[in-house]
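# Fold and contact review
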Amino acid sequence: MWGIVARFEERVTGDTSARAAWQAGQSSMRRAEGRAQAVRSTVLANALALVHFDDDTDVRDLARLREELGLGNVVTLQDELLAPVDDEPGRPLTTRLVRVLGQRAWGDAARTPGRLTAEVPALAELCGEAALRLMMVDDGDDTPAAPLGSERALVKVFGKGDLELWRRLVTAALADPWAGRTDEMLGLLDPERRPGEHAAVSALADLARRMAEEDERRAVADHIRTTIAGTGLTQRQFATLVGTSPSRLSTYVTGSVTPSAAMLLRINRMAKRARTLPRRGHADEPV
């Protein structure tokens, strides 16, 4: 795919550490058929290239992978494919990948004129979201992270922390995205003296809230879909019942639009009424 594997294999010939990680990753990779196998090799090559070489081309390759596969799928594969060759405490290889991406998103590489991620903000945002999503992968560790009570403690987490610690902190942020751990951390950081750290925590807060909103939209859409199905009416019939158009109701059902609180109350109220009334057919369509 796009020569990513070939370019990486050319570079590893002179790097013993990168070559060993690539060989170990290839050996432990769960075999798949055709394109699926090519995708797995490509994602592994790109992840290792970012860790060992951190070249602008590797960031652009990550963007191509995001467009082709979706960032969530890319990150899930990165974690899965790196895990067998990164099974030491703290996951040092994946920790390095998060650090590289974080530097590209919020560190010097995002603020230095002439650097790719300083000149192309969209790529800096991509690196930041990839780093955060890697820290959001569920590794089954339910150990709560200790609260951080000072800027010094928080900066130490950035400088000397590892993936396992970061995941515990991120899990706490995800559990309370509206007024929780991220707000406490932002309050500890001076944005003038700690611009990178402040930007990273702000990005975490934004992503956690965006993900929570997406979950809420899906939950509302699922509720509306189930509610309409329980009435036995078609969507067109139900739209007439609640005083909206079939196309507008369809946006509520798919989750592309979230109804107002008043409309949601009306949907629930009219669905309850429809379930208790005798069925009446419409002239133009069967009930």
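A short tour of the structure in this document, coming up.

Rules used throughout
Residues numbered from 1 in each chain as written. Predicted model: local features only at pLDDT ≥ 70, side-chain atom pairs only at ≥ 80, totals over all residues. Heavy atoms only, no water. Axes fitted to C-alpha atoms, helices over the stretch in contact; angles between N-to-C directions. Helix = DSSP H or I, 4+ residues; strand = E, 2+ residues; numbered from the N terminus. Parallel < 35°, antiparallel > 145°, perpendicular 65-115°, else oblique. Contact = heavy atoms within 4.5 Å. Nonpolar A, V, L, I, M, F, W, Y, C, P; charged D, E, K, R; others polar. Left-handed = near helix turned anticlockwise from the far one by under 90°. Salt bridge = Lys/Arg side-chain N within 4 Å of Asp/Glu carboxyl O.

Our next topic: the packing of helix α13 (residues 195-231) against helix α15 (residues 246-254). For the pair α13 and α15, the least separation of the axes is 6 Å and the interaxial angle reads 120 degrees. When the axis of α13 is compared with that of α15, the two are oblique. Along the contact surface, α13 presents A221, I224, R225 and I228, while α15 presents L249, Y252, V253 and T254. Across the contact of α13 with α15, the residue classes break down as six nonpolar, one polar and one charged.

In the contact formed by helix α1 (residues 4-12) and helix α4 (residues 56-69), the axes pass within 12 Å of each other and the chain directions differ by 155 degrees. Comparing their axes, α4 and α1 come out roughly antiparallel. At the point where α1 passes α4, the crossing takes the left-handed sense. Contact residues: I4, R7 and R11 in α1; T57, D58, D61 and L65 in α4. Grouping the amino acids of the contact of α1 with α4 by side-chain chemistry returns two nonpolar, one polar and four charged.

All right, on to the pattern of salt bridges then. The full count for this structure, using the stated rule, is 18 salt bridges. In this structure, D58 and R11 form a salt bridge, with 2.8 Å as the shortest nitrogen-oxygen distance. Residue D58 is located in helix α4, and its partner R11 is located in helix α1; the two are separated by 47 residues in the primary sequence. One salt bridge connects E129 with R210, and the closest N-O pair in it is separated by 3.2 Å. Taken together, the residues span a long stretch of sequence, with E129 in helix α9 (residues 121-136) and R210 in helix α13 at a distance of 81 residues.

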